[in-house]
Each structure stands twice: as C-alpha cells, then as structure tokens.
Amino acid sequence: MTVRDDATNTPSSQQGEHRSGVLAYASPGEPLAAFILRPFWLPLLLLLGVGISVLVAVDRNARSAMLVREAQARLTLITTLLRDTADLERGQRGFIITGIESFLQPYTITKKNLPDHIEALRKSSVTDQQRVNLNRVALLIVTWDRQAAMPEISARRESLTNAVQLVSDGSGRRTLDEARQTLNVMQTRENARLSAALESSTLTLRNVRAVTLLGLFLSMLLLVLTALRTARTVAGNVQDVTARARHMAAGQYNDRLPPTPLLELRELGQQFQIMATAVQERERTLITTNAALERSNRELEQFAYVASHDLQEPLRTIGSYTELLSRRYTGKLDERADQYIAFTISATQRLKYLIQDLLAYSRVRQGGRNFSAVNTAELVSQVLEDLQLQVQGAQIQVGPLPTVWGNPELLRHVFLNLIGNALKFRAEGRPAQVEISAQDDGTCWTIRIRDNGIGIEPQYHDRIFGVFQRLHGPNEYEGSGIGLAVTRTALEQHGGTLSLSSVFGQGSTFSFTIPHAAAQLSAHALAEARSVPADPALRADRPTPSTPEPPPGT
C-alpha cells in the first residue's frame, strides 16, 4: 500500500543501527515539500502551455478582428464611391432633361465631397493594386466630368438640342460605367478579404477552444493522478509511523520504523526510536521504583496495623489502673492529685480513640473486600439510629436513595462520618438541618449530604481531607481529624470521589460518587490488594473527652 523509492528498500541503503538504536540511512532523504511539489511540475507546465496558447490565440483573434473592422470600413467607402458616381450622373442628367438648376444640386454636392471620399479610401488601402484601381477610378471620374458632364451642362444652358447631340455620343456614359466596374471589382476583392479575416478568426477561436479543453483535461488528469500518488505515499508512510507509535504504546519498544524516502518522516522515526529507548529505560526504572514503593507502603501499613493493635493492650492496662486509682483515692489526696488522675484518664481515653482511628484508616486502605448490592436507604436509616443522641433537635430530610454496588462496611463508615460531621459542626442559634439526596448522572450515582452548619472557609477545602488535619481545637469540637481522610479512601476503593462545596457561616455540602460499574472499576485494585487480618468494625470519629489543662506549676 505504501509507495517508496526502490533505493530505500534495498539492504544496501541501510548502514545498520547506531548504539542508541537509531536506524541510519545511506541517502539523506528527500524533504517532504520537494517530494510533494516535484510531481506537480508536469501538469503545471502543461497548464502554462495552455495559457500561452490562449494568449497567442487571443492576439491572433484581435488582429483578425482589426482586419475585419478595416475591411468593413473600406467596403463602406467603396459603397460610398459607388453612390457618389450614381449621384453625379443622376444630378447631371436631371439638369440635362429638365434644364432646372435645382436638379444640379446632387451633382454639385457630390463633386465637392468626392475628393475627401477618395482620399479616405486611399489612406485605408492595404494593397498596391487597390491603390492603382482607386487612382483609375478617380481619373475616370475626373475625365467624365471634364469631357462629358461639364460640356453637356454648358450646352444645356444654351439649348436642349445641343445637349442632346453631346449626350448621344455615349462616351461619357462609357467612362462612368468603367469607373463603376472598377469599384465593383474593388468591392468584390474587399468582400473576399473580409470573408478570409472572419474565417481566420473563427478558425482561431475553434482551435484555441480545442487546445484549452484538451490541455485542461490532461492537466486535471495529471493533477489528480499526481495527488493520488503523493497522498498514497505520504499516507502510507504516516501509517507506518502511526503503527510504530501504537506498537511503542503497547510496549513493543524494539519495533523499528520501515525505511521511508521522506526526510521529515525519517527524522520523526528516529526520534520515535530515541523516545522508545528512553521510555523503555524509564519504564524499567519506574517498575523498580514502584516495586520498592509498594513494598515500603505494605510494610508501613503492616507496621501501623500491628503497632495500633499492639498498643491497645498496654493502653488498656494503663487506663484500668488509672481508673482504679481514681475510684480508690479521689478525695483522699489533695486537689492537685485528683487533677493529675483526671488528666491521665482523659489522655488515656484520647490516645485510645486515636489508636482506634489509626487502625480504622489502615484497614480502609487494605483490599480483599467483597462487593455486593447495598441499599443505601437502609444503611442511612441504621446510621441515624446509631446517632440518636446527636440527631435530637435536628431536622433530617432523606430523599430517595439508590441501591449501589459496594462494600457495606466501607459505605456505612462513609455515611456515619459525613452525617455525624453534619450534626457535630452545627451552628449556634439555629437548629441543625441535614438533607440527604441522590442523583443518577448516567455513569454513576452522586449522593449529597447538605447541612446548615458553621461552614468551611475556601482555603481549607483541600486541607480537611488530610490525615490529622483539624480546623478547631480539641476543646471546641471532638475528633481526631482523620475521619474525612478515611472517608475519601473508602470511596476511592469504590472508584468514586469526594468533594466539598461550602459557604462559611451558612453550611456545607459533601458530594461523593459511586460508579454504576464499581465492581469492574475496582477489579484491578482488588487483584493487587493485600490481605491483612481483620479488625473490629470501623467507626466514625468518637467523642473524645476534653483534656483538662494541667494546673499551674506542674
């Protein structure tokens, strides 16, 4: 399908490959512009020839038209001279017959204008013979006037008889007839010359039309054939480059671009080969780095899980003994000792909840979970029952909720944390209002939890999703600052997203998406997930008792 120069297809045209893997060519290649334009020279030359032929034909036709106009002008003058001879004879004979002077008027006027007409025809004459004939006509008319017309007019003024005797001789009439015959010969030849000029113009137009049509047809044919050949060659080579790029994208880095006569495509192919080598090296480095990073993350997650799990035992022991000290010695020691004991119990509880939240975050990041159909309406109802104490005094509006494909444990934690936050961060002076709604966007479900709480300033919209990121002190609102990070991670396990829109002082709206095909979207993650020992059920941010400030002097 691809047309290439024969020289580039032979093994001798290749010098092998450089160390960098770039194919070298024996010939420098032809620039793309030259390759495209070179085949168009022949049709362009043919069009140029057609144009020159048209210009020549137009010039010849212009000359023929000029000859036609000149011939027509001469014919007009010859016709005028024939009419002049008739007027001369008519005026002279009318006077001879009637003797009335007014009948001489045509003769007098024509005799006056005749020299101008003869001179005009002489100037436009194109042949010597024509000028000789014209001189002959002029001489015959002058002879007729001197030898016949004027004597007969003079005789008529004396008597009719004298004039009749002169006219009956007939010499004057023969002289004028000879002049008319000469003018008729001139008219016949001029008509022949006019016909030749018209025929030449017609033939020229016919020939130029035929040459133009044939030249245009051949030019268009050559242009189409040249364009098809050029397009086929360029398209074939571009397809080779595209296939090379597709193979490289599929990981076939050792594939080489076929030889091509086009300089730009050669350079492009060489750059592709250089890029393929670089991508291959970077891919090896990336695979090694990713393997090390996955191993490190796995070890860190395992460490966090084990550390959180193992720290609970000594922490329970500390809490138990501290509570025993509080029950046995509260009120028996001084006031400062009671404060110390209360401070220790509060710090122990706080550390306990923090360790449990870390354990929950670690467990959310692990894979190996089973996905099934989850009725989110029932799940929200269960979460609201768990939050009965916080729900008191709040207005909860739950719209129609869908059944989604996901993990019930993770989704329960999502709703528990988001609804709990909406109730916890309520604004003073107005009852809490929470609205839960869902919308089908075609490819996923978007569930929104809107509240009328304190809201979040715009500069903190991204920060709150980090681990241990709090916007308030522990004495203002309870919590460890890890709940939204766990929520986002749980949604990412479903292939969904979590976003926030909020107006400070008016409320917030948390929106998260769950794709319709969550099972397919998470299949890759499930295949690569690590299995970690199970832990008790996940939980949202638990209320943490406020830690009393140590008394002065401690």
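### A look at the overall build of the chain
Thought 1: If you tally the helices and strands in the chain, you get 15 helices and 9 strands.
Thought 2: Sorting the 554 residues of the chain into buried and exposed places 37% on the buried side.
Thought 3: Surface summary for the chain: the accessible area is close to 31,500 Å², and the carbon and sulfur share equals 58%.

### Things to note about the nonpolar core
Thought 1: Membership of the largest hydrophobic core comes to 35 residues, with the highest contact counts inside it found for Phe-415, Leu-418, Ile-419, Ile-449, Phe-510 and Phe-512.
Thought 2: No other element matches the 9 residues that helix α12 (residues 408-424) contributes to this core.
Thought 3: Aside from chain neighbours lying at most four places away, what touches Ile-419 is Val-380, Val-383, Leu-384, Leu-387, Ile-436 and Ile-449.
Thought 4: Counting residues in hydrophobic clusters, the runner-up holds 24 residues, among them Leu-114, Leu-121, Leu-140 and Ala-179.

### Considerations on a nonpolar patch on the surface
Thought 1: A surface patch of nonpolar side chains, about 760 Å² in accessible area, is lined by Trp-41, Leu-44, Leu-45, Leu-47, Leu-48, Ile-52, Val-56 and Leu-216.
Thought 2: Of the residues forming the nonpolar patch, the biggest block, 7 residues, is contributed by helix α3 (residues 41-98).
Thought 3: In this fold, Ile-52 is placed in helix α3.

### Looking at the packing of aromatic side chains
Thought 1: In this structure the tally under the stated criterion is 2 aromatic pairs.
Thought 2: Between Tyr-107 and Trp-144 the ring centres are 6.4 Å apart and the planes differ by 65 degrees, which places this aromatic pair in the edge-to-face class. Linking Tyr-107 in helix α4 (residues 105-124) with Trp-144 in helix α5 (residues 128-158), this pair joins segments that are 37 residues apart in sequence. Trp-144 carries the same exposure label as Tyr-107, and that label is buried.
Thought 3: Consider the rings of Phe-415 and Phe-512, whose centres lie 5.5 Å apart with planes at 75 degrees: the pair is edge-to-face.

### Topic: the environment of Thr-487
Thought 1: Turning to its location among the elements, Thr-487 is positioned in helix α13 (residues 483-493).
Thought 2: A relative accessible area of 0% means that Thr-487 is categorised as buried.
Thought 3: Sequence spacing of Thr-487 and His-413 is 74 residues, and the spatial spacing of their C-alpha atoms is 7.1 Å.
Thought 4: Beyond its immediate chain neighbours, meaning those up to four positions away, Thr-487 contacts His-413, Val-414, Asn-417, Leu-418 and Leu-498.

### Thoughts on the sheet that holds strand β7 (residues 444-451)
Thought 1: Reading across from one edge, β4-β6-β7-β9-β8 is the order of the 5 strands in this open sheet, with mixed pairing throughout. Where the open sheet ends on each side, the last strands, each with one partner, are β4 (395-398) and β8 (498-503). Adjacent strand axes in the sheet meet at a mean angle of 15 degrees when their direction is disregarded.
Thought 2: Here α13 sits on the sheet and contacts β8 and β9 (507-515); the angle it forms with β8, its principal contact strand, is near 135 degrees.

### Observations concerning the confidence of the model for the chain
Thought 1: Taken as a whole, the chain shows an average pLDDT of 76; of its residues, 77% reach a score of 70 or greater.
Thought 2: Mean pLDDT values over the elements of the chain span from 40, in helix α1 (residues 6-9), up to 91, in β7.
Thought 3: Taken together, the stretch residues 1-23 has pLDDT below 50 and engages in 49 contacts with residues farther than four places along the chain or on a different chain.
Thought 4: For the stretch residues 518-554, pLDDT sits under 50, and the model shows 81 contacts to residues farther than four places along the chain or on other chains.

### Description of the environment of Ala-196
Thought 1: Mapped onto the elements of the fold, Ala-196 is located in helix α7 (residues 171-249).
Thought 2: Overall, the relative accessible area of 43% leaves Ala-196 in the partly exposed class.

### Digging into the pattern of salt bridges
As a working rule, side chains carrying opposite charge can pair if their charged atoms are close by.
Thought 1: Going through the model one piece at a time under the given rule, you end up with 15 salt bridges.
Thought 2: We note a salt bridge from Arg-122 to Glu-119, for which the minimum N-O separation is 2.9 Å. One end of the pair is Arg-122 and the other is Glu-119, both in helix α4 and 3 residues apart, which spans about a single turn.
Thought 3: Judged by relative accessible area, Arg-122 falls into the partly exposed class, the value being 26%.

### A few points about the side chain of Thr-322
Thought 1: By the secondary structure assignment, Thr-322 is in helix α8 (residues 263-329).
Thought 2: Taking the relative accessible area as the measure of exposure, Thr-322 reaches 8% and is therefore buried.
Thought 3: Only 2.6 Å separates the side chain of Thr-322 from the backbone oxygen of Ile-318, close enough to count as a polar contact.
Thought 4: Excluding residues within four positions of it along the chain, Thr-322 makes contact with Ile-341, Thr-344 and Ile-345.

### Notes on the pairing of β8
Thought 1: Only one face of β8 is covered, namely the face carrying Leu-498, Leu-500 and Ser-502; the face carrying Ser-499, Ser-501 and Val-503 is uncovered.
Thought 2: As defined by bridge partners, β8 adjoins β9 across 6 bridges and the pair is classed as antiparallel. Looking at β9, one finds that Ser-502 is bridged to Ser-508.
Thought 3: As consecutive antiparallel partners, β8 and β9 are separated by 3 residues, and within that stretch Gly-505 has a phi angle of approximately 90 degrees, a positive value.

Scoring rules and cut-offs
Residues numbered from 1 in each chain as written. Predicted model: local features only at pLDDT ≥ 70, side-chain atom pairs only at ≥ 80, totals over all residues. Heavy atoms only, no water. Helix = DSSP H or I, 4+ residues; strand = E, 2+ residues; numbered from the N terminus. Buried < 20%, exposed > 50% of the residue type's maximum accessible area, 1.4 Å probe, protein only. Areas by Shrake-Rupley, 256 points an atom, 1.4 Å probe, with all protein chains shown as cover. Core = buried A, V, L, I, M, F, W, Y, C linked by side-chain atoms within 4.5 Å. Contact = heavy atoms within 4.5 Å. Patch = residues over 30% accessible without salt bridge, like charges linked within 9 Å, V, L, I, M, F, W, Y side chains within 5 Å. Salt bridge = Lys/Arg side-chain N within 4 Å of Asp/Glu carboxyl O. Phe/Tyr/Trp six-rings, centres within 6.5 Å; stacked < 30°, edge-to-face > 60°. Pairing = 2+ DSSP bridges. Axes fitted to C-alpha atoms, helices over the stretch in contact; angles between N-to-C directions. pLDDT = per-residue confidence, 0-100. Polar contact = N/O pair within 3.5 Å; in protein donor to acceptor, adjacent residues only side chain to side chain.

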